Amino acid sequence: MKENTLEERLARKLRRDCKSLKLLIMLDKNQQKRNKRARRHGRVRSRVFGTAERPRLSVFRSNKHIVLQLIDDKKDNTIVSVSDLKTKAKDNKVDSSKKVGAELAKLAAEKKIKNVVFDRGGYKFHGRVKAAAEGAREGGLDF
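Residues numbered from 1 in each chain as written. Predicted model: local features only at pLDDT ≥ 70, side-chain atom pairs only at ≥ 80, totals over all residues. Heavy atoms only, no water.

Novice: Tell me about the sheet that holds strand E4 (residues 117–119), and name the residues and values.
Specialist: The strand order across the open sheet built from four strands is E3-E2-E1-E4, with neighbouring strands paired in mixed fashion. Each having just a single partner strand, strand E3 (77–83) and E4 make up the two edges of the open sheet. Sheet twist, expressed as the average angle between the axes of neighbouring strands with direction ignored, equals 20 degrees. By the bridge criterion, six bridges tie strand E1 (residues 56–61) to strand E2 (residues 66–72) in an arrangement that is antiparallel. (Pairing = 2+ DSSP bridges. Helix = DSSP H or I, 4+ residues; strand = E, 2+ residues; numbered from the N terminus. Axes fitted to C-alpha atoms, helices over the stretch in contact; angles between N-to-C directions.)

Novice: Explain the packing of aromatic side chains to me, and be specific about the residues and the numbers.
Specialist: A full pass over the atoms with the stated rule returns two aromatic pairs. Aromatic side chains phenylalanine 118 and phenylalanine 143 sit 5.2 Å apart centroid to centroid with 10 degrees between the ring planes, which places their arrangement in the stacked category. In this pair, phenylalanine 118 sits in strand E4 while phenylalanine 143 sits in the segment after helix H4 (128–138), placing the two residues 25 residues apart along the sequence. According to the relative accessible area criterion, phenylalanine 118 is buried, its value standing at 17%. Among the aromatic residues, those joined into a ring-pair cluster are Phe118, Phe125 and Phe143. (Phe/Tyr/Trp six-rings, centres within 6.5 Å; stacked < 30°, edge-to-face > 60°. Buried < 20%, exposed > 50% of the residue type's maximum accessible area, 1.4 Å probe, protein only.)

Okay, structure coming up:
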């Protein structure tokens, strides 16, 4: 059996530790991103409140999908919910978001909801979030 010198063993341990350190740094950056979004969302939510007459249009955006909900914050219940998983759109993500917004507006009209309060969920108002808002406006929602 080959005997390892102390220096070889320390070098091997250092390489292992460097790999785990890189992983920790990467995990820390992801955690920082989530924390920043949570702080932004908290600031938005401190000003936005939904009622039965004027519910909150909440946006959740993942890497692949988008989910829109109309929420009554007084009763803590979701009135209408739509995602691009349900619409099965094969477009790019921005076009799919616009269709989801239009679908939400159609379902809201069935429930006789015309006015909403927009909650961007801590995301910037561009891209998919903006497309979803435009689709909802074109579908007849007012905000």
